[in-house]
Amino acid sequence: MKILHLIYSFFIGGAESLLIDIANGQARLGHDVTVMIVNDGIDEALVAKFVPDVKVERMNRRQGDKPLLMMARLNWFIFKMKPDIIHAHHHKFCRLVQVRKSHLLLTVHDINTAMIYAARSNMVAITEAVKTDVLQRVPTARITTILNGIDTTAVVRRAPVDSQGNFRLVQVANLLPHKKGQDLAIRALGELHRRGVDDVDITFIGGGDASELKRMAQEEGVAERVHFAGLRDRRYVYQHLADFDAMCHPSRYEGFGLTVAEGMAAGLPLILTRHDGPWEVADNGRLCTDFEKDNVVSLAEAILKVKDNYVDAQRLAKEGLDYVKRYDISRTVNYYENFYRSLLADK
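Below you will find a few notes about this structure.

1. Overview of the sheet that holds strand E6 (residues 122-125)
- Pairing is parallel in the open sheet, where seven strands are placed in the order E3-E2-E1-E4-E5-E6-E7. With one partner strand each, in any of the chains shown, strand E3 (55-61) and strand E7 (142-145) form the two edges of the open sheet. Adjacent strand axes in the sheet meet at a mean angle of 25 degrees, parallel and antiparallel pairs treated alike.
- Two strands pair when backbone bridges link them, and strand E1 (residues 2-7) and strand E2 (residues 32-39) are joined in this way by six bridges, in the parallel orientation. Residue pairing in the sheet places Leu 4 in a bridge with Thr 34 of E2.
- On top of the sheet, helix H1 (residues 14-28) reaches E1 and E2; it is set at about 170 degrees to E1, its chief contact.
- Against the sheet, helix H5 (residues 128-137) touches strand E5 (104-108), E6 and E7, its axis set at about 165 degrees to E7.

If you want it as structure tokens, here you go:
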């Protein structure tokens, strides 16, 4: 098949990582794969992770420019290429793409994705939680679920040993507290501090402005136990997750959470928001210790539960090592290929 992937910008993030893995997998299967990056925001080191057989086109549009010229150039490119599948990774492409529109599908990467342009398009949800969110707003949506994937064999596994020294938590996510909940984790450490529990650390791996979170850590009296590792590439994350004792992902809303699957592949006990997308990834909460959304006390209790019952937490993590295989990228690539063929068969 001739496959065209469409994405706006290209920096380190879940959608970008998934696109690299899918496009590479499709190229290895012999498909003709092109990735079109619209905006000029491009991490060339990240682009270099595509295999040579994946063609990368750059439109180099300045973010914020009026879209009419970009729309014309995009549709002219599609007209010349005549792709069998146009796979969009942002909902606005459902408005922008006018040529071969019946060949278009959108992957919905998150909860609360705007449906104003996408409601009539073929859609793929990355979890059942995302699918449910879409159907609640657009009951007639044509949407199926294909789970995200990672290279489960590339993640270094944590040795099954007791925690040494301070109990070390990690969250891998850009510093977006309104969504990812880093503030909740810091306030939970503050809650533990007030109870006299001062042997829990957390490291945040991800890009963004940490100034407000550092101020919060000072206010809570836990600044020395809150660490910011900054933006790191996937290779670093895969090699260093095993340095920690547990993964804490207190998101307020999240479609999937590739990093949670990565934590599971590393053999880390998981502390997750109840009924969120990552909670679904952990077999609807069976393979994690969960807590009530937006509840600092509930999160503090969940951290204590994992810390004080670490043998049981490691038992769940060991089950997760087998369960996470369903999120292997090879399965994701195969599911997308079958879905593409079903769409083409309906034309």
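And the narrative resumes.
2. Brief notes about the sheet that holds strand E8 (residues 167-172)
- Within the open sheet, the six strands sit side by side as E10-E9-E8-E11-E12-E13. Their pairing is parallel. Edge positions in the sheet fall to strand E10 (226-230) and strand E13 (289-291), since each has one partner strand and no second. Across the sheet, the axes of successive neighbouring strands diverge by a mean angle of 25 degrees, strand direction being ignored.
- As paired strands, strand E11 (residues 246-249) and strand E12 (residues 270-273) are joined by three bridges and run parallel to one another. Within the sheet, the bridge partner assigned to His 249 lies in E12 and is Leu 272.
- With respect to the sheet, helix H10 (residues 258-265) is in contact with E8, E11 and E12, its orientation differing from that of E11 by roughly 165 degrees.

3. Here we look at the pattern of salt bridges
- Evaluated as defined, the whole model comprises 27 salt bridges.
- Among the salt bridges present, the one from Arg 252 reaches Asp 294, with a minimum N-O distance of 2.9 Å. In this pair, Arg 252 sits in the loop between E11 and H10 while Asp 294 sits in the loop between E13 and helix H12 (296-308), placing the two residues 42 residues apart along the sequence.
- Relative accessible area serves as the criterion here: at 17%, Arg 252 is assigned to the buried category.
- Across the pair Arg 286 and Glu 319 runs a salt bridge whose closest N-O atoms are separated by 2.7 Å. You can see Arg 286 sitting in the loop between helix H11 (277-281) and E13 and its partner Glu 319 sitting in helix H13 (residues 310-323), a full 33 residues away along the chain.
- For Arg 286, a relative accessible area of 42% corresponds to the partly exposed category.
- Its relative accessible area of 31% is what places Glu 319 among the partly exposed residues.
- Within the structure, one salt-bridge network assembled from shared partners comprises Arg 187, Glu 191, Arg 194, Arg 195, Glu 220 and Glu 301.

4. Quick word on the nonpolar core
- Residues Leu 74, Phe 93, Met 123 and Leu 241 are the most contacted members of the largest nonpolar core, which totals 74 residues.
- Aside from chain neighbours lying at most four places away, what touches Leu 74 is Leu 6, Met 36, Met 59, Phe 93, Leu 96 and Val 97.
- Core analysis: the next-biggest nonpolar cluster, separate from the first, contains 32 residues, Leu 175, Val 197, Leu 299 and Ala 313 among them.

5. Some points on empty space enclosed by the protein
- One pass over the structure, following the stated rule, counts two cavities of 30 Å³ or more.
- In terms of lining, the largest cavity is formed by Pro 269, Leu 270, Leu 287, Cys 288, Thr 289, Val 306, Ala 313, Leu 316 and Ala 317.
- Of all the elements, H13 adds the most residues to the lining of the largest cavity, at three residues.
- Broken down by class, the residue content of the lining of the largest cavity amounts to eight nonpolar, one polar and no charged.
- Space inside the second largest cavity adds up to approximately 30 Å³.
- Along the walls of the second largest cavity sit Met 264, Leu 268, Pro 269, Leu 270, Leu 287, Leu 316, Ala 317 and Gly 320, which together make up its complete lining.
- For the lining of the second largest cavity, a count of residues per class yields seven nonpolar, one polar and no charged.

What counts, and where the lines are drawn
Residues numbered from 1 in each chain as written. Predicted model: local features only at pLDDT ≥ 70, side-chain atom pairs only at ≥ 80, totals over all residues. Heavy atoms only, no water. Pairing = 2+ DSSP bridges. Helix = DSSP H or I, 4+ residues; strand = E, 2+ residues; numbered from the N terminus. Axes fitted to C-alpha atoms, helices over the stretch in contact; angles between N-to-C directions. Contact = heavy atoms within 4.5 Å. Salt bridge = Lys/Arg side-chain N within 4 Å of Asp/Glu carboxyl O. Buried < 20%, exposed > 50% of the residue type's maximum accessible area, 1.4 Å probe, protein only. Core = buried A, V, L, I, M, F, W, Y, C linked by side-chain atoms within 4.5 Å. 1 Å grid on protein atoms, 1.4 Å probe; cavity = no way out; pocket = protein on both sides within 12 Å on 5 of 7 lines; lining within 4 Å. Points joined across faces, edges and corners; volume = space filled by probe spheres on them. Nonpolar A, V, L, I, M, F, W, Y, C, P; charged D, E, K, R; others polar.

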